[in-house]
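Survey of secondary and tertiary structure
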Amino acid sequence: MPEYKTSDGLTLHYMDDNDGPAVLMLAGLTRNSADFNFLIPHLPEYRLIRLDYRGRGLSDYHDDFTTYNVKREARDAIELLDHLELEKTCVIGTSRGGLIAMLLSAICNYRLNGIVMNDIGPQIEPEGLFSIMEYIGKIPPFDNLDDAALALQANWADGFPDVPLSRWRRQAEHMWHEKPEGGIGLRYDPRLRDVFSMQVKSGEEADLWPMFDTMREIPLASIRGENSDLFSAATQSKMRERHPEMITAVVPNRGHVPFLDEPESVSAIRKLLEDSQYPPLK
C-alpha cells in the first residue's frame, strides 16, 4: 500500500489511482480515503490522490493527539505532494478538507490549480458543530454494519430524505468496521473528540475570512448541501460576493455532506477542472 513518512515521523497511507492531471482529495474530520468512493467513477481520466490523515484510516496514530489539527494536516498534505514530486494540483476538500485547502491557499497557493470546497466555508454554523460533538469519538452501539446502516438512514433522514438503505450500507463501511469479537469499531483515533473539543472552544472567535480571501486568484467551486446544518446559504452567498468567479452549486436533499456523485456536484467539479485548464471530463 502506498505510504510516506511525515517530517515528525508518522507513516501516512494514501491512495493514488488513475493517470492524468493530479487531484488531491482531502476528506472530512473523521473520514478517510474512502470518503470519495462515490465520486471516483465520475473522474476516470484524472489522477486521484486520497490521503488518510494522521489518526485516520490506515495511517499512524500520534502519541500527541494535539497534532490532529488543520495546520499540521496541511503540512502533511504538502509533504505528500513533495513525496509524489507534484509541483501543482487541484484540491477537492470535504468539510475539514476544505479548511485544509483554505490554509494551503494561504501558505502556498502557487501549488494549487483550483479548489473545490464541499459543504464548508469560512463561517461554520454552531448547530453543525454541536451535531459533530454528538457522535465524534464515541463507539457506535451497533452489532454489525447492517444495523449501523439502518441507524444512519433513520438519523439522517431529515437531511438526506431520498437516500436508499444500500447507499447507507456502503457509507457505514467507509466510516466503521466490524470487530472480530463483535460490534463496530471506529476507523479513526477516538481522541479526535478531545482535540476537536479544544479547537471548537479556542476557535469560537476565529475569523477565517482573511484566509478565504487568499483564494481570490484561484479557480474555486463551492458545493453546499441544501439541508446542511454546518454551511449556510448566507455564508455561501457571501463567499460568492468576495470571489465573484466562484462556481456555486446547491445539492437538493442533502445535508452535511453531499456524497459528490450528485449531478450538481459532478457538474461543479467538471467546471472547476475546466477553469483550472484541466482536460474536460467525458
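The notes below deal with the structure included here. (Residues numbered from 1 in each chain as written. Predicted model: local features only at pLDDT ≥ 70, side-chain atom pairs only at ≥ 80, totals over all residues. Heavy atoms only, no water.)

Further remarks concern the nonpolar core. Counting residues in hydrophobic clusters, the biggest one holds 65 residues, and the most contacted among them are Leu 104, Ile 115 and Trp 176. Residue contributions to this core peak at seven residues, all from helix α2 (residues 96-108). Within the second largest apolar cluster, 22 residues are counted, among which are Met 25, Ala 27, Ala 249 and Ile 269. (Core = buried A, V, L, I, M, F, W, Y, C linked by side-chain atoms within 4.5 Å. Buried < 20%, exposed > 50% of the residue type's maximum accessible area, 1.4 Å probe, protein only. Helix = DSSP H or I, 4+ residues; strand = E, 2+ residues; numbered from the N terminus.)

Below, the discussion takes up the pairing of strand β5 (residues 89-94). By the criterion of burial, β5 is predominantly enclosed, with six of the six residues buried. A two-sided burial pattern is seen for β5, the buried positions comprising Thr 89, Val 91 and Gly 93 on one face and Cys 90, Ile 92 and Thr 94 on the other. Across four bridges, the pairing between strand β3 (residues 22-26) and β5 is parallel. Bridging from a neighbouring strand, Met 25 pairs with Ile 92 of β5. Of the strand pairs in this sheet, β5 and strand β6 (residues 112-118) are connected by six bridges, and their pairing is parallel. By the bridge assignment for β6, Thr 89 is matched with Leu 112. Regarding the hand of the β-α-β motif, the stretch spanning β5, α2 and β6 is right-handed. (Pairing = 2+ DSSP bridges. Right-handed = clockwise from strand over helix to strand, strands pointing away.)

Scanning the model with the defined rule gives 21 salt bridges in all. Note that Asp 17 and Arg 50 form a salt bridge whose closest N and O atoms lie 2.8 Å from each other. Of the two residues, Asp 17 is situated in strand β2 (residues 11-17) and Arg 50 in strand β4 (residues 47-51); the sequence distance between them amounts to 33 residues. Its relative accessible area of 24% is what places Asp 17 among the partly exposed residues. Overlapping salt bridges bring together Asp 8, Arg 54, Arg 72, Arg 75, Asp 76 and Glu 79 as one network. (Salt bridge = Lys/Arg side-chain N within 4 Å of Asp/Glu carboxyl O.)

Further remarks concern the pairing of β2. Note that strand β1 (residues 3-5) and β2 share three bridges and pair antiparallel. Across the sheet, the residue bridging to Glu 3 is His 13, located in β2. Hairpin connection of β1 to β2: five residues between the antiparallel strands, including Gly 9 at a positive phi of 95°. Relative to β4, β2 runs antiparallel, the two being bridged by four bridges. For Asp 16, the partnering residue across the bridge sits in β4 and is Ile 49.

Looking at the element boundaries, Ile 223 is found in strand β9 (residues 220-225). Sequence separation between Ile 223 and Pro 258 is 35 residues, and the spatial gap between their C-alpha atoms is 8.1 Å.

Under the criterion given, the structure shown has nine aromatic pairs. Note on Phe 142 and Trp 176: the rings are 5.9 Å apart at their centroids and 55° apart in plane angle, and the pair reads as tilted. Here Phe 142 is found in the loop between α3 (126-135) and α4 (145-155), whereas its partner Trp 176 is found in strand β7 (residues 176-178), with 34 residues between them in sequence. By relative accessible area, which is 10% here, Trp 176 ends up buried. (Phe/Tyr/Trp six-rings, centres within 6.5 Å; stacked < 30°, edge-to-face > 60°.)

Here we take up unusual backbone geometry. A cis amide bond, omega 10°, links His 256 with the succeeding residue Val 257. For Asn 253, which is not glycine, the phi torsion reads 60° and is therefore positive. When you line up the elements, Asn 253 lands in the loop between β10 (247-251) and α9 (263-275).

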